[in-house]
Amino acid sequence: MSTALPDQIEIQPIKPFDVRFGPGGASLPGSKSLTNRALLLAALAEGVSRLEGVLLSDDTQRMIEALRSLGFALEVDEPARQVEVRGQGGRIPVDEARLELGNAGTAMRSLTAACCLGRGRYTLDGVARMRQRPIGELVDALRQIGGQVLYLDQIGYPPLQVIGTGQLAGGQLDMAPTLSSQFITALLMAAPYCQQGLTIRFHGPVTSRPYVQMTMALMQRFGATLETEAALTRVRVEPGVYRATDYEIEPDASSASYFLAAAAMTPGSRCVIEGLGRASLQGDAMFAKVLQQMGAQVMLEDHRVVVHGVGQLRGVDVDLNAMPDMAQTLAAAA
């Protein structure tokens, strides 16, 4: 069988198009970040939660499998992209489990903290690449608030064993800038079940701040009580219980950006995305404002964004620290 490449490949310019994503139109995948957070919060909540529009990818399937291994009951309807989760009010149903998490970073970090709430021994491991991903900052923080976490191989990296005593003391943590916002997310999501709640004081900029803000907003949707300043130098999570919640996962803002940029680059084109807008929990949703700066016609509502391509785009200088995944999409538009 020949594998020779053709001498030339013809790439046709994009023709004007009009596309709508949402009910009655095309569909976008759900946000991976929101899906994995919502699955764990639903498991930690009291009662039955129903999640709509979930993304069923390798990372989220790892989370679903891990929650089942921990004894949680989940009903998954793949064609409908729905998951029903029977939460246990902060209790881990089984006292022993081995969680194989592949290369799912959010699942590894957040489940390490959540397993500290259980009573028993829980082993968390992944693929070879996961064993190269540092987790020491999270382990150190968990130990400071009463967690018992052991390294099973190289210090600072998975695999880990969590020895749960049924409770975390909580209290106060002082944190320098971390390697990953997922460490902060993991601590925050377990925080309502700490005996003293949890106060985190940040000494320096918060890593990937929009993802931390996403976590806090979703925790509040599930009934957590948080206090924070606008500058995000301190977060206080009060002791409490998550409440079961019916929640619709937003479309993935990173995936949406490709179609929004294509519309902006093509005069006469329009892209409408329902369920994503000013009120989005995803920092990447604000990419539409960058396209507006470049000359596209943009209408940004709370839960809807519309981009029209009206002509040639102009170059901009923009700080993408709050949405680093948009750099490649912006480069293509540029």
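Residues numbered from 1 in each chain as written. Predicted model: local features only at pLDDT ≥ 70, side-chain atom pairs only at ≥ 80, totals over all residues. Heavy atoms only, no water.

1. Quick notes on the pairing of strand β3 (residues 73-77)
Sheet topology places β3 next to strand β4 (residues 82-88); 5 bridges connect them, and they run antiparallel. By the bridge assignment for β4, Val76 is matched with Val83. Between β3 and β4, which pair antiparallel one after the other, the connecting turn spans 4 residues, and Arg81 there sits at a positive phi close to 55 degrees. (Pairing = 2+ DSSP bridges. Helix = DSSP H or I, 4+ residues; strand = E, 2+ residues; numbered from the N terminus.)

2. Concerning the packing of helix α4 (residues 136-144) against helix α5 (residues 181-190)
Between α4 and α5, whose axes approach to 9 Å, the crossing angle comes to 30 degrees. Of the possible angle classes, the one that applies to α4 and α5 is roughly parallel. Viewed along their axes, α4 and α5 form a crossing whose handedness is right-handed. Of α5, the residues touching α4 (which contributes Glu137, Leu138, Ala141 and Leu142) are Phe183, Ala186 and Leu187. (Axes fitted to C-alpha atoms, helices over the stretch in contact; angles between N-to-C directions. Parallel < 35°, antiparallel > 145°, perpendicular 65-115°, else oblique. Left-handed = near helix turned anticlockwise from the far one by under 90°. Contact = heavy atoms within 4.5 Å.)

3. Quick notes on the sheet that holds strand β5 (residues 96-100)
Taken together, the 4 strands give an open sheet; going across it, the order is β5-β6-β8-β7, and neighbouring strands pair in mixed fashion. At either margin of the open sheet sits one strand with a lone partner, and together these are β5 and β7 (149-151). In this sheet, neighbouring strand axes are inclined to one another by 20 degrees on average, regardless of whether the strands run parallel or antiparallel. Two elements, β7 and strand β8 (residues 160-165), share 3 bridges in a ladder whose sense is antiparallel.

4. Focus on the nonpolar core
Across soluble globular proteins, you tend to see nonpolar side chains buried next to one another. In this structure, Leu111, Leu187 and Tyr242 are the most contacted members of the largest nonpolar core, which totals 78 residues. With 8 residues, helix α1 (residues 32-44) is the single largest residue contributor to this core. Excluding residues within four positions of it along the chain, Tyr242 makes contact with Leu41, Leu44, Ala45, Glu46, Leu188, Met189, Pro192, Tyr193, Met219, Phe222 and Ala224. Counting 28 residues, the second largest nonpolar core, distinct from the first, contains Ala256, Ala285, Leu300 and Ala333. (Core = buried A, V, L, I, M, F, W, Y, C linked by side-chain atoms within 4.5 Å. Buried < 20%, exposed > 50% of the residue type's maximum accessible area, 1.4 Å probe, protein only.)

5. Points about unusual backbone geometry
The omega angle of the peptide bond from Pro158 to Pro159 is 5 degrees, so this bond is cis rather than trans. Inspection of the secondary structure puts Pro159 in the loop between β7 and β8. Residue Ser208 is not a glycine yet carries a positive backbone phi of 45 degrees. Within the secondary structure, Ser208 sits in the loop between β10 (198-202) and α6 (209-221). Classification of Ser208 by relative accessible area gives partly exposed; the value is 30%. Backbone geometry at Leu232 places phi at a positive 55 degrees, although glycine is not the residue there. Locating Leu232 in the fold gives a position in the loop between β11 (226-228) and β12 (234-237).

6. Looking at the sheet that holds β10
Here 4 strands make up an open sheet; going across it, the order is β9-β10-β12-β11 and the pairing mixed. The strands lining the two open edges of the sheet, one partner per strand, are β9 (171-175) and β11. Sheet twist, expressed as the mean angle between neighbouring strand axes with direction ignored, is 15 degrees. The pairing of β10 with β12 spans 4 bridges and is antiparallel. Within the sheet, the bridge partner assigned to Thr199 lies in β12 and is Arg236.

7. Observations concerning the packing of aromatic side chains
Taken as a whole and assessed by the stated rule, the structure comprises 2 aromatic pairs. With centroids separated by 4.8 Å and ring planes inclined at 55 degrees, the aromatic side chains of Phe21 and Phe259 adopt a geometry described as tilted. Within this pair, whereas Phe21 is found in strand β1 (residues 18-21), its partner Phe259 is found in helix α7 (residues 253-265), the two being separated by 238 residues in sequence. Aromatic side chains Tyr193 and Tyr242 sit 5.8 Å apart centroid to centroid with 65 degrees between the ring planes, which places their arrangement in the edge-to-face category. Note that Tyr193 is positioned in the loop between α5 and β10 and Tyr242 in the loop between β12 and β13 (246-248), a separation of 49 residues in sequence. (Phe/Tyr/Trp six-rings, centres within 6.5 Å; stacked < 30°, edge-to-face > 60°.)

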